[in-house]
Amino acid sequence: EAGVTQFPSHSVIEKGQTVTLRCDPISGHDNLYWYRRVMGKEIKFLLHFVKESKQDESGMPNNRFLAERTGGTYSTLKVQPAELEDSGVYFCASSQVTPGELFFGEGSRLTVL
Amino acid sequence: KNQVEQSPQSLIILEGKNCTLQCNYTVSPFSNLRWYKQDTGRGPVSLTIMTFSENTKSNGRYTATLDADTKQSSLHITASQLSDSASYICVVSAQGSWGKLQFGAGTQVVVTP
């Protein structure tokens, strides 16, 4: 069974540009989460989807970040326009139930120059 | 201030030796505590999950303990192997915020031959 997959694995963009990260959860997992780790800091929660609905988006830093999960399958996280402080590793995770075991993807490393 | 504090920040141990990692948390109301292993460039992988009523849980050579009264947990690695070299992250969630995991900064463990 495939795990959580994220794309791209690494993205390098200039300040002001737009980047879209994609996450494909484990099949059948209704719960999908986005987290990120910025340089030297701990991993922090961004938001939680249950199917296509945003259950908790309290961790989203500002309105430059937009997460979607149309159809309750894969999810995208768009950063527009990107700023230097957005650099970091963005992790996606999924779970079948809450609370339950979360399975993480390998992460998407974003570098904003 | 982070609600999950880990110590030590890093440690080096000889292959075959044991070690213990510490985690203190202030997350409340407590739901569960997880230990994850994260290899460099990979996503976190779950080792153990403990709820309030559990005070010890094992996964192979990994044994986690939880004292919910003092809000402390430990992860003990027995007979370390080179493959144990990784970051070990303590993660706590509050009741009702199932996906909003609070991550510690991790303990970087290096096992040397």
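Relevant structure appears above.
Structure report, in brief. (Residues numbered from 1 in each chain as written. Chains lettered and ligands numbered in written order. Predicted model: local features only at pLDDT ≥ 70, side-chain atom pairs only at ≥ 80, totals over all residues. Heavy atoms only, no water.)

### Observations concerning the interface of chain B and chain A
- Every contact between the two is made by 19 residues of chain B and, on the other side, 18 residues of chain A.
- Both sides of the chain B and chain A interface together cover about 1600 Å² of buried area, and 57% of this is carbon and sulfur.
- Of all residues in chain B, B:W98, B:K100 and B:F103 bury the most surface against chain A, accounting for 31% of the area lost on that side.
- Taken together, the links from chain B to chain A amount to 1 salt bridge.
- Sorting the residues of the side of chain B that touches chain A by element identifies β4 (30-38) and β5 (45-51) of chain B as the ones contributing at least two each.
- The element contributing the most residues to the side of chain B that touches chain A is β4(B), with 4 residues. (Contact = heavy atoms within 4.5 Å. Buried area = accessible area lost by both parts, 1.4 Å probe. Salt bridge = Lys/Arg side-chain N within 4 Å of Asp/Glu carboxyl O. Helix = DSSP H or I, 4+ residues; strand = E, 2+ residues; numbered from the N terminus.)

### Let's talk about the nonpolar core
- One finds B:L21, B:Y25, B:L33, B:W35, B:L75, B:Y88 and B:V92 to be the most contacted residues of the largest nonpolar core, which totals 26 residues.
- Looking at this core, the elements that each hand over two or more residues are β2 (10-14), β3 (19-25), β4, β5, β7 (62-67), β8 (72-77), β9 (86-94) and β11 (107-112) of chain B.
- Per-element accounting of this core gives the leading share, 5 residues, to β9(B).
- Beyond its immediate sequence surroundings of up to four residues, B:L33 is in contact with B:C23, B:Y25, B:T48, B:I49, B:M50, B:L66, B:S73, B:C90, B:V91 and B:V92.
- By size, the runner-up hydrophobic cluster in this structure holds 21 residues, among which are A:L21, A:W34, A:L46 and A:V112. (Core = buried A, V, L, I, M, F, W, Y, C linked by side-chain atoms within 4.5 Å. Buried < 20%, exposed > 50% of the residue type's maximum accessible area, 1.4 Å probe, protein only.)

### Some words on the sheet that holds strand β3 (residues 19-24) of chain A
Residues and elements named next belong to chain A.
- Strand order in the open sheet formed by 4 strands is β1-β3-β8-β7, with antiparallel pairing between adjacent strands. Strands at the two margins of the open sheet, each flanked by one partner only, are β1 (5-7) and β7 (65-68). Neighbour-to-neighbour, the strand axes of this sheet turn through a mean angle of 15 degrees, independent of strand direction.
- In the sheet, β3 pairs with strand β8 (residues 75-79) via 5 bridges, with the strands oriented antiparallel. Across the sheet, residue C23 finds its bridge partner in β8, namely S75. (Pairing = 2+ DSSP bridges. Axes fitted to C-alpha atoms, helices over the stretch in contact; angles between N-to-C directions.)

### As for the layout of surface pockets
- Of the pockets and cavities examined, the largest pocket occupies roughly 810 Å³.
- If you go around the largest pocket, you meet 33 residues; those closest to its centre are A:R37, A:K41, A:V89, A:R109 and B:Q38.
- If one sorts the elements of the lining of the largest pocket by residue count, strand β11 (residues 108-112) of chain A sits on top with 4 residues. (1 Å grid on protein atoms, 1.4 Å probe; cavity = no way out; pocket = protein on both sides within 12 Å on 5 of 7 lines; lining within 4 Å. Points joined across faces, edges and corners; volume = space filled by probe spheres on them.)

### Some thoughts on the sheet that holds strand β6 (residues 56-59) of chain B
Residues and elements named next belong to chain B.
- Spatially, the 5 strands line up as an open sheet ordered β1-β3-β8-β7-β6, and their pairing is antiparallel. If you trace the sheet from one side to the other, it starts and ends with β1 (4-7) and β6, each paired once. Across the sheet, the mean angle separating the axes of adjacent strands is 15 degrees when strand polarity is ignored.

### Structural notes on the side chain of B:S46
- Positionally, B:S46 belongs in strand β5.
- Classification of B:S46 by relative accessible area gives buried; the value is 15%.
- Apart from the residues within four sequence positions on either side, B:S46 is in contact with A:E101, B:W35, B:Y36 and B:N59.

### A word on the state of the cysteines
- Applying the stated rule across the entire model yields 2 disulfides over all chains.
- With a sulfur-sulfur separation of 1.8 Å, A:C23 is cross-linked through a disulfide to A:C92. On the S-S bond that ties A:C23 to A:C92, the torsion sits near -65 degrees, and the link is left-handed. Note that A:C23 is positioned in strand β3 and A:C92 in strand β9 (residues 88-95), a separation of 69 residues in sequence. With respect to burial, A:C23 and A:C92 carry one shared label: buried.
- Here B:C19 stays unpaired: no disulfide links it, and the sulfur of B:C90, its closest cysteine neighbor, is 15 Å away.
- On the accessibility criterion, B:C19 (6% relative accessible area) is buried. (Disulfide = S-S within 2.5 Å.)

### Thoughts on the environment of A:S53
- Residue position: A:S53 is located in strand β6 (residues 53-56).
- Taking the C-alpha atoms as reference points, A:S53 and A:D30, separated by 23 residues in sequence, lie 9.9 Å from one another.

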